[in-house]
Amino acid sequence: MSVLCVLTLALLELAAVPQVRAASAPAAAAQAVAVPPGTYLYVGNSGDNTLSVANTANPTATVPGSPIAIGAPEAVAVTPDGAKAYVAGNNGGISDVDTATDTVTSTLFSGPSHLGIAMAVDGRHAYFTNSRAGTVSVLDTSSDTVTGTIPVGRNPYGIAAAPNGRHLYVADNVSNAVSVVDTETNAVADTIPVGVAPIAVAVTPDGSKVYVPNATSGTVSVISTVGAAKDKVIATVPVGTQPFGVAITPDGSHAYVENFGGNTVSVIATATDTVSSTVTVGTHPYAAVASPDGSRVYVGNSDSKSVSAIDTATGAVSSFPVGAHPGGLAIGRVVTKAVTPYLDAVEAKLRQSSPGLEHTVWERTDGNALDPADPADPTSWILDVPGCFGKNPCKDRPGMNRFLGKIVANLSAAKHTIDISALGLPEFPGSLRFGIIPGIAFPDGGYYESIVQGTRNALAGQPAGSHLQVRFLMGAGYLPFSGDAPGYATKFVKDVTQGLSAGYAQRLWVNVAEMTTSAAVTAKIYTGPHTVVLPTLDGATPSWNHSKLYVVDGDTALTGGINPFSQQYIDTPKPVTDMMIAVKGPAASSAGKFLNRMWRWVCGRRKARSGDMEGVWLGANTGSPCLQNFPATDTAIPGSEPVLSVASLGVGVQVKDPASTFQFPAITDVQQANCLALSGSFKDLINNGQWATGTDARDFYTVNPDLVAQHALVEAAKSSIILSQQDVFGGCYGKLPFYRLPYMDLQLFDDLARKMAQGVKVRIVVSTPRQPDDYSVLDSLEQEEEGLRQRVMVVTGMDESQATQLMHRTLQLASLRTSEGGTWEGKQNGITCKQGSDSCTYALHTKLVMVDDKAFYIGSRNLYSAMEQDHGYIIEDAAAAQQLRQKFLDPEWKFSKDTAIVDWTTASGTWPRVDSVIQLWAPDADQPTVEVGATTQKGGSYTVEWGDGTSSDGESGQVASHLYSEGFGSYVITLHDKTTGDFSTQTVILAKQGCTFCTGNDPH
């Protein structure tokens, strides 16, 4: 739309029909060419009906498919995953562009004269303004269909979505107002008067302010979205002539306003809402967009056929050519997608269970990289602690040193935000947890020192007028016994700014939240500073943050199981074995989106300290608001790693996902999971049933997608499953009666049983039973063995003897050892450990699931029944899985296997006895046949697993044969005696030249 048309409409308040250029006919379809990975700028050129695509790394380089023929493009938006670019057409068209090939996949016409577009934070909807109709169209991006129409003011032009996903802000050009749209009701919730002819809208990344250029007034209206001034104009900033567009940098520090009539850009410092500088650009600047890293702001010059790139650090301007009348701009990323059958299987399940939580609680991204702590060690993205396999006592702690160093390095690089989440141990009376471990409600010791050091390094580089924002989300295991959140925030600021000049304290915003989202209780007894709670015995719902995350600028992330408790990991001769992993790229932003979701709950649940069991105690330093939203900067593509970020909301944050089609699976003999002490009255949220809170199992799963994801990953296994876990049993054997949970996740145990029946090998390593520091609720490994045996019998119909034989053929079950000794040795911090000491057994706290040596989950979600908020990553990469095996899983088994009570490898012996293995093949055949002759100890039948996923039966003294349809290669043949459960193995290498390790060859 021309500037004359806009100004005429604004001044005369006439609903005149704007001039629409006819769309040019699209060129004949050509063979689509893949666009190389990178970050791309998309520019709508309304003068020649095209969309220009420029690689931000080299804007003048030719991009396959660019320019793209599109009718009357006015505005552009890209989906969060970068897969699609939507173009709003002044001709009423909406075009969907596949960014991987830069081709238009669909075009629909939904309303007259689309002039603005906003993409929802989760990418599920796009919103288009219909200028002549005075409405906003709602597009479902999964089907590219319009699902709703929202009446707004007169001549709506620009539109922007709030980062919380709840509101849209629409510039009603003729009404001289901004409409605030509630996206849950798709209705206008408020109307805010602004200047004359508002034309564009931009929201700060934290969602606290909205900037609206007024084309006729020559001003920018600044709207507050929080506090007493919510939805009111709090400042009017004079800028240049005819301000048409606005873009805000990712850190929220500056708003760049395009002055169409002055050929300039006014730079507004958002801290003071004053113009800090003016930059000259091309002719008639129309719109702009900031780069993901904030280093550039790109401005479309309508009558220069160019885009100006402003260096935000220096103000320097460079330009590159595009089409005629460039207007709407957007930035997105293009990545090369890998073949990922395991991630695909998990993602398909999540789209059933939790589609409404995509891009907030779970998200799949490409273009990531595993992030080594030591560039010389490509495996050092694996941050396992203490890193002492084969060393006892464990003195140097190389793994812990590497982990703490990585915390310092990542935090030191922060430019805008540091996001930390962890579990806080409750500070029970006497500062004892269960009478054993001192309460730790905030990071301490070496963890705290590393966090302080990294934050200080980042703050030292923070420019005046900006803020380094730091959040701590601490799960409180029962809120009345939490720590001192305000005191922690105050001390942290003091320690971080020590040695820096006084002004740096004003550049640091800190929030500390201690939170419990759910705890079903029946009575509270106040005893001085603490509260004794009598919970329900028919199903307590203990839920609090249990995730362990270090997210910096939405660019790097550490996730896993390591708690920031120095006396359990550092200042002790018996350190916990645990793991985090380091990732950089869009997956870090995915983790940040989950934390944003939790902080929106936090900022709405603040309360004064009391005996309440649920809620939030918040500490913040002077001047810091409740930091409910950190911007998601997910367009960097440091690598090609596909990563699925999966998290959970536990209980109390959201009851269910209303968009879910999830059906809870039928589970037989659910009572097997009952906690024995509470059988009869106990209600089981994990395995089915309804709890006192009104939450039922089906709804619980819809808001806890990481639980669904873990099940789906196990179900996808074809040959092997490895579980390295604190435990796979719940709290039935725990020391506190109110924390008793179902002691089995029956879906998990049933999945394992089915997989073992299919011949999949399963390895489980857990903490030492009766581990004195509360890292095991088991009395013995036999409890887990018996629980699994019962589920094998339920799932397969086998009797006890048959189930035992199956487990002996497919299962390895052991407790952790990290050296030859059965316990830790050494002396530290007043604790002495000697060989054989029951107080110094091994504690395992990893949460690791690997399938088929190809895909794995690492995070904070336990496999025993739990309902807290958690986070983890699922990665499908055979090379990374091999690194994980070599560095951690293989050494873990090397020392732990001596404790195994079941081990399918040691059960292999001389029976059944292999009498003959003969390869038969024709000279021109590619599929050999093998005949096996065997004798069983008692003359019964046997089963042959041929090593290619198939099996058949044979009789003692007879021959079984098999055609290898997969062709020549190496296979491990396993023979199982059906009577005794014994088995033996025979490796063969089949080749056209003959079989290696066979007893004979028969070419014919």
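Quick caveat, the model's predicted, so the values are computed rather than measured. (Residues numbered from 1 in each chain as written. Predicted model: local features only at pLDDT ≥ 70, side-chain atom pairs only at ≥ 80, totals over all residues. Heavy atoms only, no water.)

Take the sheet that holds strand 9 (residues 125-130) next. Pairing within the open sheet is antiparallel, and its four strands lie in the order 8-9-10-11. Edge positions in the open sheet fall to strand 8 (114-119) and strand 11 (145-151), since each of these has one partner strand only. Ignoring strand direction, the axes of neighbouring strands in this sheet form an average angle of 25 degrees. (Pairing = 2+ DSSP bridges. Helix = DSSP H or I, 4+ residues; strand = E, 2+ residues; numbered from the N terminus. Axes fitted to C-alpha atoms, helices over the stretch in contact; angles between N-to-C directions.)

Between helix 11 (residues 781-796) and helix 12 (residues 800-810), whose axes approach to 9 Å, the crossing angle comes to 115 degrees. Comparing their axes, helix 12 and helix 11 come out roughly perpendicular. Judged by the twist between their axes, the crossing of helix 11 over helix 12 is right-handed. On helix 12, the residues touching Glu785, Leu788, Arg789, Val792 and Met793 of helix 11 are Glu800, Ala803, Thr804, Leu806 and Met807. (Parallel < 35°, antiparallel > 145°, perpendicular 65-115°, else oblique. Left-handed = near helix turned anticlockwise from the far one by under 90°. Contact = heavy atoms within 4.5 Å.)

Another point: the pattern of salt bridges. Applying the stated criterion across every chain, the model contains 26 salt bridges. Glu184 is paired through a salt bridge with Arg166; the nearest N and O atoms lie 3.6 Å apart. One end of the pair, Glu184, is in the loop between strand 14 (177-182) and strand 15 (187-193); the other, Arg166, is in the loop between strand 12 (156-161) and strand 13 (167-172), with 18 residues separating them in the sequence. Judged by relative accessible area, which is 63%, Glu184 ranks as exposed. On the basis of relative accessible area, Arg166 is assigned to the partly exposed category, the value being 32%. (Salt bridge = Lys/Arg side-chain N within 4 Å of Asp/Glu carboxyl O. Buried < 20%, exposed > 50% of the residue type's maximum accessible area, 1.4 Å probe, protein only.)

Our focus in this paragraph is the packing of helix 4 (residues 445-460) against helix 5 (residues 485-497). Close contact between helix 4 and helix 5 brings their axes to 8 Å; oriented N to C, the two are set at 60 degrees. Overall, the two elements helix 4 and helix 5 adopt an arrangement that is oblique. As for how helix 4 packs across helix 5, the hand of that crossing is right-handed. Residues Tyr448, Ile451, Val452, Thr455, Arg456 and Leu459 of helix 4 form the contact with helix 5, whose participating residues are Lys491, Phe492, Asp495, Val496 and Thr497. Of the residues that constitute the contact of helix 4 with helix 5, the class distribution is six nonpolar, two polar and three charged. (Nonpolar A, V, L, I, M, F, W, Y, C, P; charged D, E, K, R; others polar.)

Enumeration over the complete set of coordinates arrives at 22 aromatic pairs. Consider the rings of Tyr447 and Tyr569, whose centres lie 6.2 Å apart with planes at 90 degrees: the pair is edge-to-face. Of this pair, Tyr447 sits in helix 4 while Tyr569 sits in helix 6 (residues 566-569), and the two are 122 residues apart along the sequence. Assessed through its relative accessible area of 1%, Tyr569 is described here as buried. When the ring of Tyr964 is compared with that of Tyr971, the centres are 4.3 Å apart and the planes differ by 40 degrees; the resulting orientation is tilted. Note on accessibility: Tyr964 and Tyr971 belong to one class, buried. One aromatic cluster is present, formed by Phe442, Tyr448, Phe472, Tyr488 and Phe492 through successive ring pairs. The ring of Phe630 has Arg471 sitting right over it, with the charged end atom 3.8 Å from the ring centre. The lysine or arginine in question, Lys761, covers the ring of Trp904, its NZ or CZ lying 4.9 Å from the ring centre. (Phe/Tyr/Trp six-rings, centres within 6.5 Å; stacked < 30°, edge-to-face > 60°. Lys NZ or Arg CZ within 6 Å of the ring centre and 35° of its normal.)

Here we take up the environment of Thr360. Assignment of secondary structure puts Thr360 in the loop between helix 2 (341-353) and strand 29 (362-370). Residues Thr360 and Lys593, spaced 233 residues apart in sequence, show a C-alpha to C-alpha distance of 5.2 Å. Once residues within four sequence positions are removed from consideration, Thr360 is found in contact with Ser590, Lys593, Phe594 and Arg600. From its side chain, Thr360 meets the backbone oxygen of Leu357 in a polar contact 2.9 Å long. (Polar contact = N/O pair within 3.5 Å; in protein donor to acceptor, adjacent residues only side chain to side chain.)

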